[in-house]
Amino acid sequence: MKSILSYFSHPLLKIPLLSGLATGVLCFLYFLGLYAVGVPALGNIRVLDYGIHIITILGTIWYYRKYVGHGQLHLWEGLTIGYVLNTVAALVTGWLIYLFVTQIEPGVFAEYVTNSKKLLLEGKKQITDQFGPETFAEQWKKVSTMEPGVLLPDELTKKTALAVLPVLVISLIFRKQDYSIMQDNSL
């Protein structure tokens, strides 16, 4: 058990794990803020919480480069930090939202299902024209039988898809390596 705990005490894992935890809580607070002002908390506007992810990924990679890497950062370190942070944040946010809609306010999920059905009905003509009525019927059944358990994998999938490009760009921007080992000093 001690070896497992020492594995997670390495700064390359410990720093993004802690930042991911904080990011997940901040995204949940954003969700609660939307709920408090009466905006559909599980609607499309919640995707804007990804800005919190980007800001914390930037800050965490900068911190790691400055204080742990002493001004140096390999691309793989930046990618590791970004993806670990993003995954932990998505899991924490997903679980907190799941607990909220199952234990505290089930009406939020019911509103989400209702809005999803409404959106599906608005696009019915387009869906049936392009894919046929069977596809629409399948989608309608899927939305009608949706359970709150779908929130966690949905959160993880969306945040992972959104993370690919920003994490790569941020890692490339902060990347700085020591190339002195490659120089030929004998000349």
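Small disclaimer: the values here were computed from a predicted structure and weren't measured. All chains use their own residue numbering, which begins from 1 and follows the written sequence. Predicted model: local features are reported for residues with pLDDT of at least 70 only, side-chain atom pairs are reported and counted for 80 or more only, and whole-chain, interface and lining totals are derived from all residues. Water and hydrogen atoms play no part in the side-chain values, which are based on all heavy atoms of the structure.

Engineer: Tell me what's going on with the side chain of Thr 93, and back it up with residues and numbers.
Structural biologist: In this text, helices come from DSSP runs of H or I with a minimum length of four residues, and strands from runs of E with a minimum of two, each type numbered from the N-terminal end. With respect to the helices and strands, the residue Thr 93 is situated in helix α4 (residues 75-104). Dropping the residues within four chain positions of it, Thr 93 is found in contact with Gly 24, Cys 27, Phe 28, Arg 46 and Glu 155. What makes two residues a contact is simply this: any of their non-hydrogen atoms within 4.5 Å.

Engineer: If you had to explain the nonpolar core to someone new, which residues and values would you point to?
Structural biologist: As used in this record, nonpolar core signifies buried Ala, Val, Leu, Ile, Met, Phe, Trp, Tyr and Cys residues forming a set joined through side-chain atoms within 4.5 Å. When a residue's accessible area, from a 1.4 Å probe over protein chains only, is under 20% of the maximum for its type it is buried; when over 50% it is exposed; and in between it is partly exposed. Ranked by internal contacts, the top residues of the largest apolar core, which has 18 residues, are Phe 31, Leu 42, Ile 97, Val 101, Val 108, Phe 109 and Leu 151. Residue assignment for this core shows that the elements contributing at least two residues are α2 (11-37), α4, α5 (107-122) and α7 (133-144). The greatest single-element share of this core, amounting to 5 residues, is contributed by α5. The residues contacting Leu 151, other than those within four sequence positions of it, are Leu 42, Ile 97, Val 101, Phe 109 and Tyr 112. Ranked by size, the runner-up nonpolar core spans 13 residues in total, among them Tyr 50, Ile 57, Ala 163 and Phe 174.

Engineer: Explain the layout of surface pockets to me, using residue names and the numbers behind them.
Structural biologist: Within this scheme a cavity is a closed region of a 1 Å grid, computed over the protein atoms alone, that accommodates a 1.4 Å probe without allowing it to escape, whereas a pocket is open but has protein on both sides within 12 Å along at least five of seven lines; lining residues each have an atom within 4 Å of a point. Grid points are joined across faces, edges and corners, and a volume is the space filled by probe spheres set on the points. Approximately 650 Å³ is the volume attributed to the largest pocket. For the largest pocket, the lining is made up of 23 residues, of which Asn 44, Tyr 112, Ser 116, Leu 119 and Lys 158 are closest to its centre. Among the elements of the structure, α5, α7 and α8 (151-174) are those that each provide at least two residues to the lining of the largest pocket. Of the residues forming the lining of the largest pocket, the biggest block, 7 residues, is contributed by α5.

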